[in-house]
Amino acid sequence: MTIIAFQGAIILGMIYAIMAVGVFISFRTLDIPDLTVDSSFVTGAAVSAVFCVAGHPWLALPAGFLASAVAGMVTAVLNTHLKIQPLLAGILVMLGLYSVNLRIMGNRANISLLNQPTIFQSLEGTPLADQAEWLIPLALLLLVIGLLYGFLKTRFGFILRGTGDNQQMVRALGVDTSKMILAGMALANGLVGLCGAVLAQYQSYCDISMGVGMVVIGLASVIIGEVIFGIRSLFRRLLAVVLGAIVYRIVIAFALNLGMPSTDLKLVSAIIVTLALSLPVLKAKYFLWQKRRKG
Amino acid sequence: MLEIQHVSLTFGQGTINEKQALKNVSFTLKDGDFVTVIGSNGSGKSTLLNSISGVYEMDCGRIFLDDVDISFWPEYKRSRFVGRVFQDPLLGTAYAMTIEENLAMALMKGQQHGLQPGISSKESAYLKEQLSRLDLGLEDRMKDKVGLLSGGQRQALTLLMATLVMPKVLLLDEHTAALDPASARKVMELTREIVGKNQLTTLMVTHNMQQALSYGNRTIMMNEGGIILDLEGEERQNMTVEGLVELFNQKNQGEKLENDRMLLQL
Ligand SMILES: Nc1ncnc2c1ncn2[C@@H]1O[C@H](COP(=O)(O)OP(=O)(O)O)[C@@H](O)[C@H]1O
Ligand SMILES: [Mg+2]
């Protein structure tokens, strides 16, 4: 693999890490399997593209975050107030959001940002202009992780984590868990949208189907991170998610480099996640098999 | 003061599994009352506690806490005034968070939980001091995850969490039933100490008749979703476990007879 391809994988990894951290919030912190992600990712990207075309690439990021956060809140309300199972609630919002995303994009299936201003041009005229491609994602990632870590250490953050662990306990401590789920799902999808917003600008285009399988990729990153880097402390966990996202991108880059057609990407993602999820069972089966063989 | 007035509660209303778990239950807990609750399995003890804490909606009836009608308050809102320890040690704590973080969440009860630090150093010192009172050595393991603790340690911690901010009513639902005898004894000791020192109004479900008589100042017996016995004062002081079992059997016998009669009628 060329150095350039390797660097590209790391940059993509840093961008996708923001989405993976969002998936970490819903799947791990809140313990809710949230499928909204596949569409809220596109919402962030679409809003970002529209803002870029209007000449506001930086404003595009908070706008993408907010729009996707709203999508997450809809899923949360379907779950907490209308008592629809989280999986189904996520699927419903994902489906509905597809039409909304198309509307945001002005009923086009894709938007090119090739001749539009993006955040990656903001360092032009400074000595760092050539480094913008990796400096900006890195800076954004550090900002997100720093803020999130601080947030999870606040009172609100404590209760949010407690809600994922044990809703019954949190209610017994006098907190409305529906509100916590609402806030948590907003945050999770907001991060996913932010990632979409940055990625659209990085690749200079936004496509209505760019979110397909995103939740699986996010989950793959989370699990790879957990397996390789551990889950000891909160900080370690966040770091693991980021590194997991980067490792995932490097693995994919290698596979592509070895001649895997890019159309097989989704299949490979699905297999990676299946393997990672079934690891504990496979391990147990293996030990049992060994025991039996020894007699 | 906690007043329960004519509370009925039915599970699965209108379905084949319809079950009336509480039938027109009324009683009043005076401030500082420590009431033990006994009754056979399925007699509605847990349901009674759960309807006080707001887990289930009642069919009818009213619940007043210090003269405030809380009948329609959601569970989380009642929790500010109602402390709870469940039978299952897993239910009372967040397993993936540290002992200190769990206690900090309990300390926030009734306060704003905004973006201030989860634990200040002052709070940390206070929590450590409170934890040392349990006499379990947990104060040296503040940064350990609760998932590492034994059932007994968790119940002790949950008890402390439920009373860190003093509730108006403490509800204990067979909170030592899942523990080994030594841990159960320890947790009961702590219960007596914490309830006694703070004069907490307490409702404690137990399946241990001896405990029912030796703890608290009043004992109620439930059967088939109703209160069939309410012992207090001298009558209770003179009551023995044998006497209680006798009474219990008598009441059940009556019901058995009734069932037999119903069978005969068929
Ligand atoms: N969530 C529930 N759904 C349906 N039935 C229930 C539920 N909880 C309790 N019951 C039924 O209500 C009755 C009373 O149960 P419970 O209050 O748990 O009894 P106890 O705590 O005295 O053993 C039992 O018949 C039980 O099967
Ligand atoms: Mg019970």
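Scroll up a little and you will see the structure.
In this numbering scheme, every chain counts its residues from 1 along its sequence in written order. Whichever chain is written first is A, and whichever ligand is written first is 1; the rest continue in order. The model is predicted, so local features are restricted to residues of pLDDT at least 70 and side-chain atom pairs to those at 80 or more, both for listing and for counting; the totals for chains, interfaces and linings are taken over all residues. Computation of side-chain values covers all heavy atoms of the structure but excludes hydrogens and water.

Describing the overall build of chain B
Logical step 1: Each helix is a run of H or I in the DSSP string that is no shorter than four residues. Each strand is a run of E no shorter than two, and both are numbered from the N terminus. Helix and strand counts for chain B stand at nine helices and ten strands.
Logical step 2: As defined in this context, the radius of gyration uses C-alpha atoms, and a globule is described by 2.2 Å times the residue total to the power 0.38. Taking 2.2 N^0.38 as the reference for a compact globule, 266 residues should give roughly 18 Å; the C-alpha atoms of chain B span a radius of gyration of 20 Å, in line with that estimate.
Logical step 3: Each of the three principal axes of chain B carries a C-alpha extent, and together these read 70 × 40 × 35 Å.
Logical step 4: A burial count over chain B gives 50% of its 266 residues as buried.
Logical step 5: Between two residues, a contact is recorded if the distance between any of their heavy atoms is within 4.5 Å. For chain B, the share of sequence-separated contacts (at least 6 apart) that also reach a separation of at least 24 residues comes to 67%.
Logical step 6: Only carbon and sulfur atoms are counted for the fraction: they give 50% of the accessible area of chain B, which is about 12800 Å².
Logical step 7: We score Asp and Glu as negative and Lys and Arg as positive, and we do not count His or the chain ends. Lys charges are placed at NZ, Arg charges at CZ, Asp charges at CG and Glu charges at CD. Side-chain charges of chain B comprise 27 positive and 34 negative groups, with the mean position of each set lying 4 Å from the other. Using a 1.4 Å probe on the protein chains alone, a residue whose accessible area is under 20% of its type maximum counts as buried, one over 50% counts as exposed, and one in between counts as partly exposed. In these tables, accessible area is a Shrake-Rupley quantity obtained with a 1.4 Å probe, and a residue counts as shielded only by the protein chains included in the view.

Examining the site of ligand 1
All names here are of chain B.
Logical step 1: Inspection of the region around ligand 1 gives F11, K19, A21, S40, N41, G42, S43, G44, K45, S46, T47 and Y56 as its neighbouring residues.
Logical step 2: In the model, an oxygen atom of ligand 1 is placed 2.4 Å from a nitrogen or oxygen of the T47 side chain.
Logical step 3: Y56 has a polar side-chain atom sitting 3.4 Å from a nitrogen atom of ligand 1.
Logical step 4: Isolated, ligand 1 exposes 560 Å² of accessible area, and the fraction of that covered by the protein chains is 63%.
Logical step 5: Considering every element that reaches the shell around ligand 1, the biggest residue donor is helix α1 (residues 45–53), with three residues. The near set for a molecule or strand comprises every residue that places at least one heavy atom within 4 Å of it. By the criterion applied in these results, polar contacts are pairs of N or O atoms within 3.5 Å in which, for protein atoms, one can donate a hydrogen and the other can accept it, and in which residues neighboring in sequence qualify only through two side-chain atoms.

Description of the pattern of salt bridges
Opposite charge on two side chains permits pairing when their charged atoms draw close.
Logical step 1: By definition here, a salt bridge exists when the distance from a side-chain nitrogen of Lys or Arg to a carboxyl oxygen of Asp or Glu is within 4 Å. Counted by the stated rule, this structure contains 18 salt bridges over all chains.
Logical step 2: One salt bridge in this structure joins K153 of chain A and E101 of chain B, with 3.8 Å as the shortest N-O distance. Of this pair, K153 of chain A sits in the loop between α5 (132–152) and α6 (155–165) while E101 of chain B sits in helix α3 (residues 99–107), each in a different chain.
Logical step 3: Among the ionic pairs, R133 of chain B bridges to E129 of chain B, the shortest N-O distance being 3.5 Å.
Logical step 4: The exposure class of E129 of chain B is partly exposed, given its relative accessible area of 42%.
Logical step 5: Beyond isolated ion pairs, a larger network of salt bridges with shared partners links K30, D33, R218, D230 and E232 of chain B.

Comments concerning unusual backbone geometry
Residue and element names in this part refer to chain B.
Logical step 1: Positive phi, close to 50 degrees, is recorded for N24, a residue that is not glycine.
Logical step 2: Its identity as a non-glycine residue notwithstanding, D67 has a phi of 70 degrees, on the positive side.
Logical step 3: With respect to the helices and strands, the residue D67 is situated in the loop between β4 (60–65) and β5 (68–69).

Some remarks on a nonpolar patch on the surface
Residue and element names in this part refer to chain A.
Logical step 1: Residues form patches when they are more than 30% accessible in relative terms and have no salt bridge. Like charges link within 9 Å. Nonpolar side chains (Val, Leu, Ile, Met, Phe, Trp, Tyr) link within 5 Å. A contiguous nonpolar patch, built from L267, I271, L275 and L282 and spanning about 380 Å² of accessible area, is present on the exposed surface.
Logical step 2: Counting through the fold element by element, L267 comes out in helix α11 (residues 265–294).
Logical step 3: The class for L267 is exposed, based on a relative accessible area of 54%.

Describing the interface of chain A and chain B
Logical step 1: Listed as interface residues are 22 residues of chain A and, on the opposing side, 34 residues of chain B.
Logical step 2: Here the quantity called buried area is the accessible surface, traced with a 1.4 Å probe, that two parts lose on coming together, added over both. Buried surface at the junction of chain A and chain B, summed over both partners, amounts to about 2400 Å²; 58% is from carbon and sulfur atoms.
Logical step 3: Ranking the residues of chain A by area buried against chain B places R155, F158 and L173 of chain A at the top, with a combined share of 31%.
Logical step 4: Joining chain A to chain B, the criterion identifies four salt bridges.
Logical step 5: Applying the counting rule to chain A against chain B returns 18 residue pairs in polar contact (both at pLDDT 80 or more).
Logical step 6: Mapped onto the side of chain A that touches chain B, the elements with two or more residues apiece are α6 and α7 (167–172) of chain A.
Logical step 7: Considering each element in turn, the side of chain A that touches chain B owes the most residues, seven residues, to α6 of chain A.
Logical step 8: Amino acid classes used here: Ala, Val, Leu, Ile, Met, Phe, Trp, Tyr, Cys and Pro are nonpolar; Asp, Glu, Lys and Arg are charged; the rest, including Gly, are polar. The class makeup of the residues in the side of chain A that touches chain B is nine nonpolar, five polar and eight charged.

A closer look at the state of the cysteines
Logical step 1: Criterion for a disulfide: a pair of cysteine sulfur atoms at a distance within 2.5 Å. The full count for this structure, using the stated rule, is zero disulfides over all chains.
Logical step 2: Not engaged in a disulfide, the cysteine C52 of chain A finds its nearest cysteine sulfur in C206 of chain A; these two sulfurs lie 10 Å apart.

Re the pairing of strand β3 (residues 34–39) of chain B
Residue and element names in this part refer to chain B.
Logical step 1: Counting buried positions along β3 gives six out of six residues, so the element sits mostly inside the fold.
Logical step 2: Neither face of β3 is left uncovered, since the one carrying F34, T36 and I38 and the one carrying V35, V37 and G39 both have all their residues buried.
Logical step 3: Pairing of β3 with strand β8 (residues 201–205), which is carried by four bridges, proceeds in the parallel orientation. Each residue of the ladder has a partner; that of F34, found in β8, is T202.
Logical step 4: By this definition, two strands are paired if DSSP reports at least two bridges between them. With five bridges joining them, β3 and strand β9 (residues 218–223) adopt parallel strand pairing. What sits directly across from V35, in β9, is R218.

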